[in-house]
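As a plain string of letters, each chain reads:
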Amino acid sequence: MEPIKRNVLLNPGPATTTDTVKYAQVVPDICPREKAFAGLMKGLREDLLKVVHAPSDTYTSVLFCGSGTINIDVCINSLVPEGKKILVVNNGAYNSRAVEVCQMYHLPYIDVKSSVFERPDLAVIEKTLQENPDVAVVYCCHHETGTGVLNPIREIGALAHKHGAIFISDTTSTLGMIPLDVVKDNVDFCMASAQKGLMAMSGLSFVIGRKDIIEKSKDYPTRSYYCNLYLQYSFFEKTGEMHFTPPVQTIYATIQALKEYFAEGETAKFARHRRVYEAIRKGVAELGFDTVIDPAIESGLVVSVKYPEDPNWDFEKVHDYCYERGFTIYPGKISTTNTFRLCALGAIDVGDIEDFFKVLDDALKKFGIELK
Ligand SMILES: *Cc1c(COP(=O)(O)O)cnc(C)c1O
């Protein structure tokens, strides 16, 4: 197997992959309607449940062909009953995306907006639920990838359940990295795409959720044809296949990535991401950059770094310098502060981060950028 040029992606996904995952896509052509391929997808769906410790008698996983946002679309348009509301706990760009989906489908929603620099206030959520008994769905992303804030989903899920609502969490940027137990964490529906925590390729996304609720949603208003959760689920249950053409090669890569996930192990992988994050925090501090989020509420997967004051700072130039040397840095997603992000996703380790900071230090010197 010829090694493939290795790039260290410090953007929030797609993440750096292993060569074995890349090569897993090189397979004989196959029609995805073959029984052999349906068998592969069955195993894949079962393995996805294991990643989030979902019991297979009550939870199922449903695959979609698309980037991670397709899951947000699917869950929101499919799981709000007629005449009921969805409450979005919103402290950043990815929760705002859910609000936009509500707007596109003309769904009644409550946008409980709070500071992007902080965790949401549980008392405000509870009060809103008390005042709005017609809320049937509570939504909040686990990790606001735009800032790096980790949200208290277990507590938010408990509030939702206490008030008779279901809880959907967008776990796209934590699943497979931060241990998640859907039952203990009070999550009825979670989601991710293959290219983030699982370190596979883009193009495959999946929703993991409660079968009884999906069955019930059969009678909810249908708001989309391609992106309806019940339709895709029932097709899988009847035929073992995706309703429409699956991303064939991405599925092979994901199966290989899951093998590697289970071989590395949940705890060891979590620890690796954590030490990569610590190395990022250390490098950032040593060079003298400021950051914007209190580490106590960070996911340990994304660090939002403030642009330096020095007029010589030019993100594009620094990005290009790093990119040419195999490292990708990524712009921030905070509208009020200019930031860039360094992320701990992917098949990388502390040595890669140390190498990166040498390159970043060289870039600062070359462009005459002074910090502090
Ligand atoms: C990456 C991500 C998504 C999906 O983004 P796509 O570009 O559609 O893959 C959704 N939610 C969160 C929290 C994410 O980090």
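Residues numbered from 1 in each chain as written. Predicted model: local features only at pLDDT ≥ 70, side-chain atom pairs only at ≥ 80, totals over all residues. Heavy atoms only, no water.

Trainee: Help me understand the overall build of the chain, please; the structure alone is not making it clear to me.
Mentor: A count of helical and extended segments in the chain gives 12 helices and 14 strands. Computed over its C-alpha atoms, the radius of gyration of the chain comes to 21 Å, within 12% of the 21 Å expected for a compact globule of 372 residues. A total of 372 residues make up the chain; the buried ones form 58% of that total. Just so you have it, the chain exposes about 15,600 Å², and 52% of that area is on carbon and sulfur atoms. Side chains of the chain carry 40 positive and 48 negative charges; the gap between the two charge centres is 2 Å. (Helix = DSSP H or I, 4+ residues; strand = E, 2+ residues; numbered from the N terminus. Rg over C-alpha atoms; globule rule 2.2 N^0.38 Å. Buried < 20%, exposed > 50% of the residue type's maximum accessible area, 1.4 Å probe, protein only. Areas by Shrake-Rupley, 256 points an atom, 1.4 Å probe, with all protein chains shown as cover. Lys, Arg positive; Asp, Glu negative; His and termini not counted. Charge placed at Lys NZ, Arg CZ, Asp CG, Glu CD.)

Trainee: Please clarify how the environment of V52 should be interpreted in this entry.
Mentor: Its location among the elements puts V52 in the loop between α2 (35-51) and β2 (59-65). Exposure remark for V52: the relative accessible area of 1% places this residue in the buried category. Not counting the four nearest positions on each side in its chain, V52 is found in contact with L175, L180, D181, V182, C190 and I208. (Contact = heavy atoms within 4.5 Å.)

Trainee: What should I look at first to understand the packing of helix α10 (residues 266-287) against helix α12 (residues 350-366) in this one?
Mentor: The packing of two helices is summarised by the inter-axis angle and the distance between the axes. Contact pair α10 / α12: the axes reach a minimum separation of 9 Å and the direction vectors enclose 20 degrees. The orientation of α10 with respect to α12, classified from their angle, is roughly parallel. Along this stretch, α10 crosses α12, giving a crossing that reads as right-handed. Contact residues: R275, V276, A279, I280, G283, V284 and L287 in α10; V350, I353, F357, L360, D361 and L364 in α12. Grouping the constituent residues of the contact of α10 with α12 by class yields 10 nonpolar, 1 polar and 2 charged. (Axes fitted to C-alpha atoms, helices over the stretch in contact; angles between N-to-C directions. Parallel < 35°, antiparallel > 145°, perpendicular 65-115°, else oblique. Left-handed = near helix turned anticlockwise from the far one by under 90°. Nonpolar A, V, L, I, M, F, W, Y, C, P; charged D, E, K, R; others polar.)

Trainee: Help me understand the environment of K372, please; the structure alone is not making it clear to me.
Mentor: Looking at the secondary structure, you find K372 in the segment after α12. Not counting chain neighbours up to four residues away, the residues in contact with K372 comprise A285 and G288.

Trainee: Could you clarify how one ought to interpret α12 in this entry?
Mentor: The end-to-end C-alpha distance of α12, which contains 17 residues, comes to 24 Å, matching closely the 24 Å that a straight helix rising 1.5 Å per residue would cover. Buried within α12 are the following residues: D352, I353, F356, F357, V359, L360, A363 and L364. Looking straight down α12, one finds that the buried residues subtend no more than 165 degrees of arc, so they occupy a single side. When the buried face of α12 is taken as reference, the exposed residues oriented beyond 90 degrees from it are K358, K365 and K366. Turning to α12, the residues buried within the fold contact β1 (8-9), α10, α11 (315-324), β12 (327-328) and β14 (339-343). Phi turns positive, to about 65 degrees, at G368, one or two residues after α12. (Expected span 1.5 Å × (residues − 1). Arc of directions from axis to C-beta.)

Trainee: Could you clarify how one ought to interpret the domain arrangement of the chain in this entry?
Mentor: Size of an interface, as often reported, equals the accessible area lost when the parts are brought together. For the chain, the assigned domains are domain 1 (25-262) and domain 2 (266-366). Its C-alpha centre places domain 1 at a distance of 28 Å from the equivalent point of domain 2. Opposite the 27 residues of domain 1 that make contact, domain 2 presents 22 residues. The junction of domain 1 with domain 2 conceals about 2,000 Å² of combined surface from both sides, 65% of it contributed by carbon and sulfur atoms. Our count for the domain 1 to domain 2 interface comes out at 0 salt bridges. Contributing elements (two or more residues each) for the side of domain 1 that touches domain 2: α4 (93-104) and β7 (149-150). Counting residues per element, the side of domain 1 that touches domain 2 draws most heavily on α4, at 3 residues. Of the residues that constitute the side of domain 1 that touches domain 2, the class distribution is 13 nonpolar, 10 polar and 4 charged. (Domains from an automatic or database assignment. Buried area = accessible area lost by both parts, 1.4 Å probe. Salt bridge = Lys/Arg side-chain N within 4 Å of Asp/Glu carboxyl O.)

Trainee: What should I look at first to understand α10 in this one?
Mentor: Because each turn of an α-helix spans 3.6 residues, side chains separated by three or four positions end up pointing in the same direction. Taking 1.5 Å of rise per residue, 22 residues should cover 32 Å, and α10 covers 32 Å from first to last C-alpha, within 8% of that figure. Regarding α10, the residues found buried are K269, R272, H273, V276, Y277, A279, I280, R281, G283, V284 and L287. For α10, the secondary structure elements touched by its buried residues are α9 (248-264), β11 (302-306), β14 and α12. Positive phi shows up at G288, right after α10, with a value of about 95 degrees.

Trainee: Just to check I follow, could you spell out the pairing of strand β9 (residues 189-193) for this structure?
Mentor: The side chains of a regular strand alternate between the sheet's two faces. Counting buried positions over the 5 residues of β9 gives 5, a clear majority of the element. Burial of β9 is two-sided: the residues F189, M191 and S193 facing one way and the residues C190 and A192 facing the other way are all buried.

Trainee: Whenever I open this one, the packing of aromatic side chains confuses me. Can you help?
Mentor: The geometry of an aromatic ring pair is captured by two quantities: the separation of the ring centres and the angle between the planes. Overall, the coordinates contain 15 aromatic pairs when judged by the stated rule. Relative to F340, the ring of Y307 lies with its centre 6.4 Å away and its plane at 35 degrees, an arrangement referred to as tilted. With Y307 in the loop between β11 and α11 and F340 in strand β14, this residue pair connects regions lying 33 residues apart in the sequence. Owing to a relative accessible area of 24%, Y307 belongs among the partly exposed residues under this scheme. Members of the aromatic cluster, joined through ring pairs, are F289, Y307, W313, F315 and F340. In this structure, R45 is placed above the aromatic ring of F236, and the distance from its NZ or CZ to the ring centre is 4.4 Å. Taking NZ or CZ as reference, K333 lies 5.6 Å from the ring centre of Y94, over its face. (Phe/Tyr/Trp six-rings, centres within 6.5 Å; stacked < 30°, edge-to-face > 60°. Lys NZ or Arg CZ within 6 Å of the ring centre and 35° of its normal.)

Trainee: When you look at the sheet that holds β11 in this model, what are you seeing that I'm missing?
Mentor: Whether parallel or antiparallel, the strands of a sheet pair through hydrogen bonds between backbone atoms. Read from one edge of the open sheet, 3 strands run β11-β14-β13, paired in antiparallel fashion. Of all the strands in the sheet, the pair left with one neighbour each is β11 and β13 (330-331). (Pairing = 2+ DSSP bridges.)

Trainee: Is there a simple way to explain the site of the ligand in this structure?
Mentor: The immediate surroundings of the ligand are formed by 13 residues, with S67, T69, T145, D170 and K196 found nearest. In this structure, S67 approaches the ligand through a side-chain N or O atom, which is 2.5 Å from an oxygen atom. D170 places a side-chain nitrogen or oxygen 2.6 Å from a nitrogen atom of the ligand. Bound to the protein, the ligand loses 87% of the 380 Å² it would expose on its own. (Near = heavy atom within 4 Å. Polar contact = N/O pair within 3.5 Å; in protein donor to acceptor, adjacent residues only side chain to side chain.)

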